[in-house]
Amino acid sequence: MANRKELSRRKLLQLGGAGVILSSLLAKNNAVAGRVKSAGKANGKIVVIGAGISGLGAARVLKDSGFEVTVIEARQRIGGRIFTDRTSLGVPIELGASWIHGISGNPLYKLALKGGIQAIDCEYDSMPQIFNNDGKELSPDAILQLKCVFSKLKKRLMHLQGALGDKDKSVAESISEIVPDLNLSPSDAVLLKHVIATDIENDYAANADRLSLRFFDEDESFTGGDYLVPPGYSRTVEYLARDLDIRMNAVVLSVDYSDSKVAIDTERAGKFTADYVLVTLPLGVLKKKTVQFTPDLPTAKQKAINELGMGIFDKVYLRLSESFWSSKYTWIEFADEQPDRWPMFFNILKFTGEPILVAFNVGHFALQLENKESPEIIADCMSVLRTMYGAKIPDPIAAKCTSWGKDPFAFGSYSYIPVNASSALYDDLGAPVNNRLFFAGEACSSKHFSSADAAYMSGLNAAKQILQSAQFSKFKE
């Protein structure tokens, strides 16, 4: 997720509070697991659907608690929307999640430390380099002035949010009410739209006309900087997956929880039965209804699936023979009259010495690009870079485009709250059903969503719920 916290939506948890929440969650998991083990080896078979970080995080806790755990995964790899590509550009690149957002009290960062996985501060909040659509670089003073205008805009948004009453409206509609009062020149209006694209829309993986004002800027995050994982983000899921029973290429067709045992049918891996099933299918897959649940999922859960939004956040990696750009900046940005067209590039050169740029696209423009072939996408991206750096810059020697909206096992990148939806829908999606069917993933918590951190925490929480249910069942017996 592209999230520059200096101007972004996330309300930061206090350092001590984050630690308390994490310690409480893990302590409850350990205490319940200990009580289950004290009664002898846990009697229960668990199937986890999905080998992303939420599923593997839960599977790790449950296996270590004595359960027989099987993870079934539709892909031929683990990780889900964590996907480190080690071949396309000759070095590890992240086609999915890229950052650990906040390290103070963040369980995902603690996981990296425990696994001996290197993570480095990527100076996420540093001053960007911005070019206008004529290819001219903005001065530092102009950028500071732009930030000041954007800060005023966000304050006004918060005021409008507080005055909503019973009706919701889109962030875009609210911005359109505010902008006339800012008395901006035409060029400054273009620049403001650019910052809206980079600091709001890229954060949510959706355009402002889709976003709820009522629940804008409402979720929580951790303090302590934003960290890259140079060895590859997939090292985290590989560490969790050690010695787990994972069945690949197992596309789930149906889940029947009408009996005391849950029955799962897959396309290629046969049938499974379990005492408890943890579903970590992405929201985009649940929306497509490719998995049949029997009985139908509860109305509240179906409402959550239908009403929450699944955003698109795509990347284009460009490897050049040598750099033509400065190694000074973390972010290099392009302020076009079409604000969501190639608005920002992440500068990998600064952190690894490799001449690689990563372009980000979200929402409407990303969906348009997903209907094009890679050469056309790369050519359009290079036309923007040539506006910024001159017509003579070379073509990339290697490139890689993502298309998460077309991915049949994701159908999107991460969730957001659309107009007239509610943050409570996240909790409805994450709620257990009949103490047999459990849910986890980045879209299963109203406090933390839209990130790998959220997905991992939801997996830990689901493991706690299953442990508690197993303990209760044991007492009933």
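Residues numbered from 1 in each chain as written. Predicted model: local features only at pLDDT ≥ 70, side-chain atom pairs only at ≥ 80, totals over all residues. Heavy atoms only, no water.

### Quick notes on the overall build of the protein
Step number 1: The secondary structure content of the protein amounts to 14 helices and 24 strands.
Step number 2: Counting over 477 residues, the protein shows a buried share of 59%.
Step number 3: A sequence separation of at least 24 residues applies to 75% of the contacts in the protein between residues at least 6 apart. (Helix = DSSP H or I, 4+ residues; strand = E, 2+ residues; numbered from the N terminus. Buried < 20%, exposed > 50% of the residue type's maximum accessible area, 1.4 Å probe, protein only. Contact = heavy atoms within 4.5 Å.)

### Comments concerning the sheet that holds strand β16 (residues 292-294)
Step number 1: Strand order in the open sheet formed by four strands is β14-β13-β12-β16, with mixed pairing between adjacent strands. The sheet terminates laterally at β14 (271-274) and β16, the two strands that pair on one side only. Strand-to-strand, the axes of this sheet are offset by a mean angle of 15°, without reference to chain direction.
Step number 2: Both strand β12 (residues 252-256) and strand β13 (residues 262-266) contribute to a ladder of four bridges, which runs antiparallel. Opposite Ser254, over in β13, you have Asp265 as the bridge partner. (Pairing = 2+ DSSP bridges. Axes fitted to C-alpha atoms, helices over the stretch in contact; angles between N-to-C directions.)

### Remarks on the packing of aromatic side chains
Step number 1: Under the criterion given, the structure shown has 17 aromatic pairs.
Step number 2: With a centroid separation of 6.1 Å and an interplanar angle of 85°, the aromatic rings of Trp99 and Phe360 are classed as edge-to-face. Of this pair, Trp99 sits in strand β6 (residues 99-101) while Phe360 sits in strand β21 (residues 356-362), and the two are 261 residues apart along the sequence.
Step number 3: A centroid spacing of 4.2 Å and a plane angle of 15° characterise the contact between Tyr426 and Phe449, whose relative ring orientation is stacked. Within this pair, whereas Tyr426 is found in helix α13 (residues 424-430), its partner Phe449 is found in the loop between β24 (437-439) and α14 (452-476), the two being separated by 23 residues in sequence. (Phe/Tyr/Trp six-rings, centres within 6.5 Å; stacked < 30°, edge-to-face > 60°.)

### Observations regarding the confidence of the model for the protein
Step number 1: Residues of the protein with pLDDT of at least 70 account for 90%, and the chain-wide mean is 90.
Step number 2: Contacts from residues 1-26, a stretch scored under 50 in pLDDT, to residues over four places away or in other chains number 94 contacts.
Step number 3: Residue range residues 35-42 is modelled with pLDDT below 50. Its contacts to residues more than four positions away, or to other chains, number 13 contacts. (pLDDT = per-residue confidence, 0-100.)

### Side note on the sheet that holds strand β3 (residues 68-72)
Step number 1: Taken in spatial order, the five strands make up an open sheet running β11-β3-β2-β15-β24, and their pairing is parallel. Strands with a single pairing partner mark the edges of an open sheet, and in this sheet they are β11 (245-247) and β24. Sheet twist, expressed as the mean angle between neighbouring strand axes with direction ignored, is 20°.
Step number 2: As judged from the three bridges shared by strand β15 (residues 276-279) and β24, these two strands associate in the parallel manner. What sits directly across from Val279, in β24, is Phe439.

### Thoughts on the layout of surface pockets
Step number 1: When its volume is computed, the largest pocket comes out at roughly 700 Å³.
Step number 2: Around the largest pocket, the lining is made up of 46 residues, and of these Gly80, Arg81, Pro282, Phe409 and Ala410 lie nearest the centre.
Step number 3: Elements represented by at least two residues in the lining of the largest pocket include exactly α2 (53-64), β6, β12, β18 (313-319) and α14.
Step number 4: Among the elements that make up the lining of the largest pocket, the one with the highest residue count is α14 (three residues). (1 Å grid on protein atoms, 1.4 Å probe; cavity = no way out; pocket = protein on both sides within 12 Å on 5 of 7 lines; lining within 4 Å. Points joined across faces, edges and corners; volume = space filled by probe spheres on them.)

### Here we look at the pattern of salt bridges
Step number 1: Under the defined criterion, the tally for this structure stands at 18 salt bridges.
Step number 2: Across the pair Arg60 and Asp243 runs a salt bridge, and its minimum N-O distance is 3.0 Å. Residue Arg60 is located in helix α2, and its partner Asp243 is located in the loop between α7 (234-241) and β11; the two are separated by 183 residues in the primary sequence.
Step number 3: The buried category is assigned to Arg60, whose relative accessible area is 7%.
Step number 4: Here Asp181 makes a salt bridge to Arg156, at a shortest N to O gap of 3.3 Å. (Salt bridge = Lys/Arg side-chain N within 4 Å of Asp/Glu carboxyl O.)

### Examining the environment of Glu333
Step number 1: Relative to the helices and strands, Glu333 resides in strand β19 (residues 331-335).
Step number 2: With 196 residues separating them along the chain, Glu333 and Glu137 place their C-alpha atoms 9.6 Å apart.

### Re the environment of Ser383
Step number 1: Assignment of secondary structure puts Ser383 in helix α12 (residues 374-389).
Step number 2: A polar contact is formed between the side chain of Ser383 and the backbone oxygen of Asp380, at a distance of 2.5 Å. (Polar contact = N/O pair within 3.5 Å; in protein donor to acceptor, adjacent residues only side chain to side chain.)

### A word on the packing of helix α4 (residues 140-162) against helix α6 (residues 186-204)
Step number 1: In the contact formed by α4 and α6, the axes pass within 10 Å of each other and the chain directions differ by 65°. Here α4 is positioned roughly perpendicular relative to α6, judged by the angle of their axes. Taken as a pair, α4 and α6 cross one another with a handedness that is right-handed. Mapping the contact onto sequence places Leu146, Val149, Phe150, Leu153 and Leu157 in α4 and Leu191, Leu192, Val195, Ile196, Asp199 and Ile200 in α6.
Step number 2: Among the residues forming the contact of α4 with α6, the class breakdown is 10 nonpolar, no polar and one charged. (Parallel < 35°, antiparallel > 145°, perpendicular 65-115°, else oblique. Left-handed = near helix turned anticlockwise from the far one by under 90°. Nonpolar A, V, L, I, M, F, W, Y, C, P; charged D, E, K, R; others polar.)

### Remarks on unusual backbone geometry
Step number 1: The omega torsion across Thr294 and Pro295 is -5°, close enough to zero to call that bond cis.
Step number 2: Secondary-structure assignment places Pro295 in the loop between β16 and α9 (299-307).
Step number 3: The residue Asp243 is not glycine, and still its phi comes out positive at about 60°.
Step number 4: Backbone geometry at Asn420 places phi at a positive 70°, although glycine is not the residue there.
Step number 5: Topologically, Asn420 is positioned in the loop between β23 (414-416) and α13.
Step number 6: You can call Asn420 exposed: its relative accessible area is 59%.

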